[in-house]
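# Coordinates in review
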Amino acid sequence: MASIGQIVNPTSGSDALSRARQRAALMPDCLVEAKRIANTVIAGWHGRRKRGIGENFWQFRPYAEGESLSRIDWRRSARDDHTYVREREWEAAHTIWLWCDMSPSMMYKSSYGSASKESRALVVMLALAEILCRSGERIGCPGIMEPAATRTAAERLASALMHAPLTGGLPETGMIRGWSDLVLIGDFLDDAPAIMERLGPLARRGLRGHVVEISDPAEEIFPYSGRTQFTDPETGARLISGRAEHVREAYRNAYLARRESLGQSLRHLGWTFTSHRTDHLASEALVAVHMYLSGMPAKATHGGQL
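Counted according to the given criterion, the structure contains five aromatic pairs. Ring centres 5.2 Å apart and planes at 90 degrees place the aromatic pair Y224 and F230 in the edge-to-face group. For Y224, a relative accessible area of 13% puts it in the buried group. By way of ring pairs, the aromatic residues F222, Y224, F230, Y251 and Y255 are connected into one cluster. The aromatic ring of Y84 is capped on one face by R76, whose charged end is 4.3 Å from the ring centroid. Over the aromatic face of Y255 sits the side chain of R258, whose NZ or CZ is 4.7 Å from the ring centroid.

Here it is in structure tokens:
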């Protein structure tokens with residue numbers, strides 16, 4: 001049968017150098033796509049607006065007896081028979097750490113997906129940075145970029161990722177303090193207990209976590225049949241199945257059980273879990289994470305069709 005998916009092979013030089021070059025070539029397109037998606041989504045997302053101390057006007061509301069007269073907006077009140085108070089928007093910058101898995105397994109793309117897992121993860125990450133920086137949040141990437149509140153956070157993050165060293169596994173988080181948000185984007189194919197062993201201590205430190213699982217449709221539906229060779233992109237190990245269709249049901253059960261176990265464990269910690277497939281719109285995952293960051297419930301985005 002025809003090939004369903006492939007790992008893009010390095011073109012020249014060492015594996016690390018080739019991967020770095022591929023990532024650098026991918027970044028500009030991902031940044032453009034991220035900005036396009038951010039511009040589409042941001043019109044419908046009003047941010048985490050709260051009444052409080054700040055410079056920007058938020059709303060007028062009726063004056064309540066006992067409040068200081070200095071808070072009355074006399075110009076607005078003169079328009080009718082009511083007395084109004086001018087409220088300002090709360091503007092306390094929050095630190096949000098963004099991380100994207102760029103290990104070899106993320107390079108996979110099947111004929112069923114619209115992008116590689118790596119490309120989709122980068123687009124979601126950069127689009128998230130674009131929207132959050134417009135809201136005045138401080139954006140950082142563990143071990144790659146220190147938190148900064150700037151309108152060019154997405155561009156700075158893309159540039160930092162282009163020159164970042166290739167590393168596998170979850171990021172180092174010693175620099176992250178409590179009361180921050182941490183968004184982790186990857187395929188999370190390791191066993192759920194091994195992942196939770198790393199994430200559990202972060203939750204106990206007071207971090208609010210949001211995990212976005214990126215998957216290719218072929219990884220979930222297992223469309224293989226006949227004699228099929230499977231290659232581990234991380235280790236290069238190979239497995240040949242004489243009749244791949246015979247293990248489809250067992251594979252799907254194990255794959256979905258791993259996802260369910262990871263999601264339940266994360267929710268038990270008070271973290272959020274979003275599952276996103278590359279045959280869906282990137283904006284689905286983006287909106288879900290935005291709602292979680294805003295403290296609002298979001299519908300899970302699992303592998304079903306739009």
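Core analysis: the largest hydrophobic core is formed by 42 residues, its most contacted members being L98, L157 and V183. For this core, the elements supplying multiple residues, two or more each, are helix 1 (15–42), strand 4 (95–100), helix 3 (117–134), strand 6 (138–141), helix 4 (153–162), strand 8 (181–186), strand 9 (208–215) and helix 8 (282–293). Setting aside residues up to four positions removed in sequence, L98 forms contacts with M125, L128, A129, I139, G140, C141, P142, L157 and V183. If you look at the next biggest cluster of nonpolar residues, it comprises 19 residues, including I176, L199, A203 and F273.

Between helix 3 and helix 4, the least distance of the axes is 8 Å, while the angle of their chain directions is 145 degrees. Contacts between helix 3 and helix 4 pair L122, M125, L126, A129, E130 and C133 from the former with A153, A154, E155, L157, A158 and L161 from the latter. Its residues assigned to classes, the contact of helix 3 with helix 4 comprises ten nonpolar, no polar and two charged.

One can describe the packing of helix 5 (residues 192–204) onto helix 7 (residues 248–269) by two numbers: an axis separation of 10 Å at closest approach and a directional angle of 15 degrees. Classified by the interaxial angle, the pair formed by helix 5 and helix 7 is roughly parallel. Viewed along their axes, helix 5 and helix 7 form a crossing whose handedness is right-handed. Of the residues in helix 7, those in contact with A192, I195, M196, L199, G200 and A203 of helix 5 are R258, S261, L262, S265, L266 and L269. Tallied by class, the residues present in the contact of helix 5 with helix 7 amount to eight nonpolar, three polar and one charged.

Bringing the environment of N39 into the picture now. Mapped onto the fold, N39 is located in helix 1. In this structure, the C-alpha to C-alpha distance between N39 and E130, residues 91 residues apart in sequence, is 8.9 Å. Of the polar contacts made by the side chain of N39, one reaches the side chain of R134; its length is 2.6 Å.

Most peptide bonds take the trans form, and the phi angle of most residues other than glycine is negative. If you check the backbone angles, F188 has positive phi at about 50 degrees while not being a glycine. One can find F188 in the loop between strand 8 and helix 5. Even without being a glycine, F222 presents a positive backbone phi close to 50 degrees. For F222, a relative accessible area of 5% corresponds to the buried category.

It is worth spelling out the sheet that holds strand 8 at this point. Ordered by their spatial adjacency, six strands build an open sheet running 7-6-4-8-9-12, and the pairing between neighbours is mixed. Strands at the two margins of the open sheet, each flanked by one partner only, are strand 7 (145–148) and strand 12 (272–277). Neighbour to neighbour, the strand axes of the sheet diverge by 15 degrees on average, direction disregarded. Alignment of strand 8 against strand 9, held across six bridges, turns out to be parallel. For I185, the partnering residue across the bridge sits in strand 9 and is V212.

Attention now moves to the pattern of salt bridges. One pass over the full model with this rule turns up 14 salt bridges. E130 is paired through a salt bridge with R134; the nearest N and O atoms lie 2.8 Å apart. Linking E130 with R134, this pair stays in helix 3, spanning four residues, or about one helical turn. For E130, a relative accessible area of 5% translates into the label buried. Overlapping salt bridges bring together E213, E220, R258, R259, R277 and D279 as one network.

Now for helix 8. Between its terminal C-alpha atoms helix 8 stretches 17 Å, which fits the 16 Å expected from twelve residues at 1.5 Å a residue. Of all twelve residues making up helix 8, nine are buried, and the element is well covered by its neighbours. Every buried residue of helix 8 is listed here: A282, E284, A285, L286, A288, V289, H290, Y292 and L293. Phi for G295, located one or two positions after helix 8, is positive at around 80 degrees.

What counts, and at which threshold
- Residues numbered from 1 in each chain as written.
- Predicted model: local features only at pLDDT ≥ 70, side-chain atom pairs only at ≥ 80, totals over all residues.
- Heavy atoms only, no water.
- Phe/Tyr/Trp six-rings, centres within 6.5 Å; stacked < 30°, edge-to-face > 60°.
- Buried < 20%, exposed > 50% of the residue type's maximum accessible area, 1.4 Å probe, protein only.
- Lys NZ or Arg CZ within 6 Å of the ring centre and 35° of its normal.
- Core = buried A, V, L, I, M, F, W, Y, C linked by side-chain atoms within 4.5 Å.
- Helix = DSSP H or I, 4+ residues; strand = E, 2+ residues; numbered from the N terminus.
- Contact = heavy atoms within 4.5 Å.
- Axes fitted to C-alpha atoms, helices over the stretch in contact; angles between N-to-C directions.
- Nonpolar A, V, L, I, M, F, W, Y, C, P; charged D, E, K, R; others polar.
- Parallel < 35°, antiparallel > 145°, perpendicular 65-115°, else oblique.
- Left-handed = near helix turned anticlockwise from the far one by under 90°.
- Polar contact = N/O pair within 3.5 Å; in protein donor to acceptor, adjacent residues only side chain to side chain.
- Pairing = 2+ DSSP bridges.
- Salt bridge = Lys/Arg side-chain N within 4 Å of Asp/Glu carboxyl O.
- Expected span 1.5 Å × (residues − 1).

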